[in-house]
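The primary structure of each chain is shown beneath.
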Amino acid sequence: MNNAYAGNGQDSSSSKKSRGFKELATIDMYLQINNALDSIQVDTTLVIQKDYKFNYLQKDNFNLLSFANIGQTYNTLSYNSIDNNIIPLFGGRARHFNYLEHDQILFYEVPTPWTRLTYKTAFEQGQLLDAFFTVNLSKQFNFSIAYKGLRSLGNYQNALSSTGNFRFTSNYKTKNEKYIAKGYVVMQDLLNQENGGLESDDLNNFTSGNEEFLDRSVFDPAFENAENILEGKRFYFEHSYAVLQDKDSLSNNNINIFNKISFEDKYYQYSQTAADASYFGDAFATSINDKVKLEHFNTALGVTYSNNVIGNIEFAVNYTDVNYGYNSVVLLPTETITNRIKSNFLGVEGGYSKKYKGFRLTGKGGLNLSDTFVGSFLDGNISLKLNKDIEFSGGIAINTRLANYNYLLYQSDYINYNWYNLDDFQNVNTQQLKFNLKSQRWLNASFDLSNIENYTYFNLEETVDGLNKIEPKQYNKTLQYLRLKLQKEFKVGNFALDNTVMYQNVVSDEDVLNVPEIITRNTLYYSNQLFKKSMTLQTGVTFNYFTKYNMNGYDPLLAEFYTQSETKLGGFPRLDFFINAKVRQTRIFFKAEHFNSSFTGYDYFSAPNNPYRDFTIRFGLVWDFFL
């Protein structure tokens, strides 16, 4: 986009600007700001990465394998084994792929109102629409409002997806920037009907390509009377005040006091009109209604100090209150399952960053001052920019925390799904060494090696008469997990070949963490500007593949994946043909997904008994308005 024009292609000098901005609005003035205060310019270009991100999650899903219907879950082909969380996460992680977390919320600064509409067709009677709007009422005050909604019936029986993500953000700063405030509200509801996958007797009808079953609605799944839902609300507010602003001196001393407040209320519910003993085992009741809630409150009070010589230092004291659980206890013949995990405790956190010539050093850490929720993390990184093209970075991360809540306490109307492990499970301890290389000319590469103690997972303990018994387990030995990812694009004229390949290896005495050894994605495409450069065209074919492995199974009651060693899946190619175009500020996407499905074999599964998507044609667009 020409900098002398507004986003709609018209002379920006005729557009009405928010108070306090320059007279001429250019594209670099439309900013997205993440929680680390990094500013990202709005990008309306059409590059191959935009094709990778044009999906339900609106991000590159290289390491994810989607289920048959949009809005369902994803099987994870590669794991990021460490994060900075030092308290347990809420369960039902298979429902969380589209659940917006704190780090995914962006704030904005725009010289004129900006609207983005994203649309994509779904599977049978539905569509995906994400509508977003933001405006600066003045240079100091911005707000944004957005809603992403999906409804998709799916091709199989009882596979409806219906989700909604509402978000509202606002940020404010005084003219002298001594006081800065920002906050957001996010409300989300993610509902999926569940069918348990295909019956084992029907697997041959699928893999053989039996013509009577090419209409997938003909299949009778394991059950057709269940659904699960994840619903949550989160409120966040952060503000800071500059006690000292010494911009005139060489040292540039700055001291800021800040306060952060966050409250989240969420629940996960599994309901089934009639209990299915053949799939889940015996039940206490004839119908199933399992519901678990979490209330999480956190506040922090701290100070930041910045100096041109020393760098930026941050320290804070925080307070956390958690309330997780159910409404009643469960009485089993051999034990009583309590109904709640509650705690409140103090903690400390800190951070450091410093730039010097081509070097950048960053570090952050946190510690819980609690006997029950013992947890801490340390994450340090150093980067070196050799020139405009080459950048090296490396780091080390250490984390220890309790396993997720549903490993520690779970209750269900199904007898087999009741356990309490808070007193038995140890902290999961993870150490990771990581390196990255970024270079457009040579290649992009990332390497990480993780050492994990007390790895916690759901496991298929046994299968008796078709009944799977799933239990939480903790591996009391150490495992090592290695990943190497390489990416390089080759260009010749208007043609390009974009390649991404990942190698993975897990070293352990037992198969507790299963991943494919090789994942690859290769895209051959043609791009050009047509009609006197008024339209950008992009067309090509994407090849996706991963090697066979003991793919994790999916449990619809827990909304979790579990480790199994009975079925190896994978090794099937996925070919997508696409035609993308950009006209002014509208990007149009047309894709024939998995067009090879009928002639390379019906051996494609997203999890045991859960087939991957058949060939389908999808259409969508992203439309930006800069008023």
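Now for a quick tour of the structure. Position numbers for residues count from 1 along each chain, tracking the sequence in the order it is written. Owing to the predicted nature of the model, reporting of local features is limited to residues with pLDDT of at least 70; listing and counting of side-chain atom pairs is limited to 80 or more, with chain, interface and lining totals taken over all residues. To obtain the side-chain values, all non-hydrogen atoms of the structure were used and water was disregarded.

Points about the overall build of the protein
Basically, it comes down to this: Only DSSP runs of H or I covering at least 4 residues are called helices, and only runs of E covering at least 2 are called strands; the numbering of each starts at the N terminus. Any residue under 20% of the maximum accessible area for its type is buried, any over 50% is exposed, and the rest in between are partly exposed; the area is computed with a 1.4 Å probe on protein chains only. Any two residues whose heavy atoms approach within 4.5 Å at even a single point are treated as in contact. By the counting rule applied here, Lys and Arg register as positive and Asp and Glu as negative, while His and the ends of each chain are not counted. For charged residues, the charge sits on one atom: NZ in Lys, CZ in Arg, CG in Asp, CD in Glu.
In terms of helices and strands, the protein carries 4 helices and 35 strands. A principal-axis box enclosing the C-alpha atoms of the protein has dimensions of 75 × 65 × 40 Å. Put simply, the protein has 627 residues, and 51% of those count as buried. In the protein, 64% of the contacts between residues at least 6 apart in sequence involve partners at least 24 apart. Of the side-chain charges in the protein, 59 are positive and 66 negative, and the distance between the mean point of each set is 14 Å.

Some points on the side chain of Asn171
To keep it simple, the criterion reads: Counted as a polar contact is a pair of N or O atoms within 3.5 Å, where, for protein atoms, one must be capable of donating a hydrogen and the other of accepting one, and residues adjacent in sequence contribute only when both atoms are in side chains.
The residue Asn171 is located in strand β9 (residues 161–173) in this model. Engagement of the side chain of Asn171 in a polar contact is seen with the backbone oxygen of Tyr108, the distance being 3.2 Å. If sequence neighbours within four positions are ignored, Asn171 has contacts with Phe107, Tyr108, Gln140, Phe141, Asn142, Ala181 and Lys182.

A word on the packing of aromatic side chains
Threshold: Two rings from Phe, Tyr or Trp (for Trp, the six-membered ring) form a pair when their centres sit within 6.5 Å of each other. Planes less than 30 degrees apart are called stacked, planes more than 60 degrees apart edge-to-face, and all others tilted. Criterion for a charge above a ring: Lys NZ or Arg CZ within 6 Å of the ring centre, and within 35 degrees of the ring normal.
Scanning the entire structure with this criterion turns up 46 aromatic pairs. When the centroid spacing of 6.0 Å and the interplanar angle of 75° are considered together, the rings of Phe67 and Phe561 count as edge-to-face. Placement of the pair is Phe67 in the loop between β3 (64–66) and β4 (74–76) and Phe561 in strand β30 (residues 560–562), with a sequence separation of 494 residues. With 4.8 Å between their ring centres and 40° between their planes, Phe280 and Tyr414 make a pair best called tilted. One end of the pair, Phe280, is in helix α3 (residues 277–280); the other, Tyr414, is in the loop between β21 (409–410) and β22 (419–420), and 134 residues separate them in sequence. Take Tyr414: its relative accessible area is 0%, and that puts it in the buried class. Looking at Lys266, its charged tip hangs above the ring of Tyr99, at a distance of 4.2 Å from the centre. The residue whose ring lies beneath Arg521 is Tyr52, and the NZ or CZ to ring-centre distance is 3.6 Å.

A few points about the nonpolar core
The condition is simple: Note on terminology: a nonpolar core comprises buried Ala, Val, Leu, Ile, Met, Phe, Trp, Tyr and Cys residues joined through side-chain atoms within 4.5 Å.
Within the largest apolar cluster, 58 residues are counted, with the highest numbers of intra-cluster contacts made by Tyr270, Tyr324 and Tyr417. When residues in this core are grouped by element, the largest group, 5 residues, is from strand β24 (residues 444–464). With residues up to four places along the chain from it excluded, the contact list for Tyr324 reads Phe90, Val292, Lys293, Leu294, Asn339, Arg340, Ile341, Tyr405, Asn406 and Leu409.

Looking at the pattern of salt bridges
Condition: Throughout this description, the term salt bridge denotes a Lys or Arg side-chain nitrogen within 4 Å of a carboxyl oxygen of Asp or Glu.
In the structure shown here, the tally under the stated rule is 22 salt bridges. The closest approach of N and O atoms between Asp60 and Arg521, which form a salt bridge, is 2.7 Å. You can see Asp60 sitting in the loop between α1 (48–53) and β3 and its partner Arg521 sitting in strand β27 (residues 518–530), a full 461 residues away along the chain. The partner of Glu461 in a salt bridge is Lys473, with the nearest N and O atoms 3.8 Å apart. You can see Glu461 sitting in strand β24 and its partner Lys473 sitting in strand β25 (residues 467–492), a full 12 residues away along the chain. Taking relative accessible area as the criterion, Glu461 reaches 32% and is therefore assigned partly exposed. Here the salt bridges share partners, and the residues they tie into one network are Glu109, Lys139, Lys173 and Glu177.

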